[in-house]
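Residue strings, one per chain:
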Amino acid sequence: SPVLTSDSHYCQVCQIEVNDRFFHSIWWNCCILRQNYIYFYVGQLFAFSTILYGTNLGLTTICQPFLLYGIILLPKDCQDVYFEFQLAISFVCCIYGLGYLCVVTLILIRHLFVFIPKYMAPQWKKLVNPTV
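Conventions and cut-offs
- Residues numbered from 1 in each chain as written.
- Predicted model: local features only at pLDDT ≥ 70, side-chain atom pairs only at ≥ 80, totals over all residues.
- Heavy atoms only, no water.
- UniProt positions renumbered as here; feature names shortened; annotations may be inferred.
- Helix = DSSP H or I, 4+ residues; strand = E, 2+ residues; numbered from the N terminus.
- Disulfide = S-S within 2.5 Å.
- Buried < 20%, exposed > 50% of the residue type's maximum accessible area, 1.4 Å probe, protein only.
- 1 Å grid on protein atoms, 1.4 Å probe; cavity = no way out; pocket = protein on both sides within 12 Å on 5 of 7 lines; lining within 4 Å.
- Points joined across faces, edges and corners; volume = space filled by probe spheres on them.
- Nonpolar A, V, L, I, M, F, W, Y, C, P; charged D, E, K, R; others polar.
- Domains from an automatic or database assignment.
- Contact = heavy atoms within 4.5 Å.

For the protein, the name recorded in an unreviewed UniProt entry is Palmitoyltransferase, with Papilio machaon as its organism. Its UniProt record gives the protein the following Catalytic activity (unreviewed entry) comment, quoted word for word: "L-cysteinyl-[protein] + hexadecanoyl-CoA = S-hexadecanoyl-L-cysteinyl-[protein] + CoA". Under the Subcellular location (unreviewed entry) heading, UniProt states for the protein: "Membrane".

Visitor: How should I be thinking about the environment of Gly54 in this particular structure?
Guide: Looking at the secondary structure, you find Gly54 in helix 1 (residues 37-62). Here the alpha-carbon distance between Gly54 and Leu98, two residues 44 residues apart in the chain, equals 9.6 Å.

Visitor: Please clarify how the UniProt feature "transmembrane region" (unreviewed entry) in the protein should be interpreted in this entry.
Guide: With numbering aligned to this structure, UniProt lists the feature "transmembrane region" (unreviewed entry) at residues 38-67 and 87-109. End C-alpha atoms of residues 38-67 are separated by 35 Å, and the span's content is 83% helix alongside 13% strand. Regarding residues 87-109, the helix share stands at 100% and the strand share at 0%, and the terminal C-alpha atoms are separated by 33 Å.

Visitor: Would you mind showing me how to read the state of the cysteines here?
Guide: Here a disulfide denotes a covalent bond joining the sulfur atom of one cysteine to the sulfur atom of another. Using the criterion set out here, one finds one disulfide in the structure. Cys63 shares a disulfide with Cys78; S-S distance 1.9 Å. Taking the torsion about the sulfur-sulfur bond, which here is approximately 105 degrees, the covalent link between Cys63 and Cys78 counts as right-handed. Of this pair, Cys63 sits in the loop between helix 1 and strand 5 (64-69) while Cys78 sits in the loop between strand 6 (72-77) and helix 2 (85-128), placing them 15 residues apart in sequence. Judged by its relative accessible area of 4%, Cys63 falls in the buried class. Exposure remark for Cys78: the relative accessible area of 21% places this residue in the partly exposed category. Its sulfur unpaired, Cys94 is 7.0 Å from the next cysteine sulfur, which belongs to Cys93.

Visitor: Sorry, what's going on with the layout of surface pockets here?
Guide: In this approach, a probe sized like a water molecule rolls over the atoms, and the result shows the empty space that is left. The space that makes up the largest pocket amounts to roughly 150 Å³. Phe23, His24, Ser25, Ile26, Trp27, Phe40, Ile107, Arg110, His111 and Phe115 together form the lining of the largest pocket. Elements supplying a minimum of two residues to the lining of the largest pocket: strand 3 (21-25) and helix 2. Ranked by the residues each element gives to the lining of the largest pocket, the list is headed by helix 2, at four residues. Classifying every residue of the lining of the largest pocket by side-chain character gives six nonpolar, three polar and one charged. Three or more residues apiece are contributed to the lining of the largest pocket by two domains, here domain 1 (1-33) and domain 2 (36-128).

Visitor: Looking at this structure, how should I read the environment of Val13?
Guide: Along the chain, Val13 falls in the loop between strand 1 (8-11) and strand 2 (16-19). A relative accessible area of 53% means that Val13 is categorised as exposed. C-alpha separation for the pair Val13 and His24, spaced eleven residues apart in sequence, amounts to 7.9 Å. Residues contacting Val13, with those up to four places away along its chain left out, are His24 and Asn29.

See the structure below:
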């Protein structure tokens, strides 16, 4: 068990007391500590970019694409997916991926406004007041 200090918290889900606990992640089913928060956030950014790229790649392969800007393709006409079962399954998987992308986007926005200021507060205090 960790040494208990004033910033110790008891996690109801993990059933342990942890020092410097930031929050409990339902995605990883563990407590995210201040030391590993930046890795958690970068992992969420990678998940966002991977899902965005994968669903866009899948939809532009299944549907007829159009060129938006430079080399960026977006799906234009998806009427062909109704004629072939494999295309329909792929299309539905991409739509579910876009739904999951919305969830990850909301998580990233929440972290941007709630947890990043909380994470950066000690670093800002050290920069403003170097004697701390």
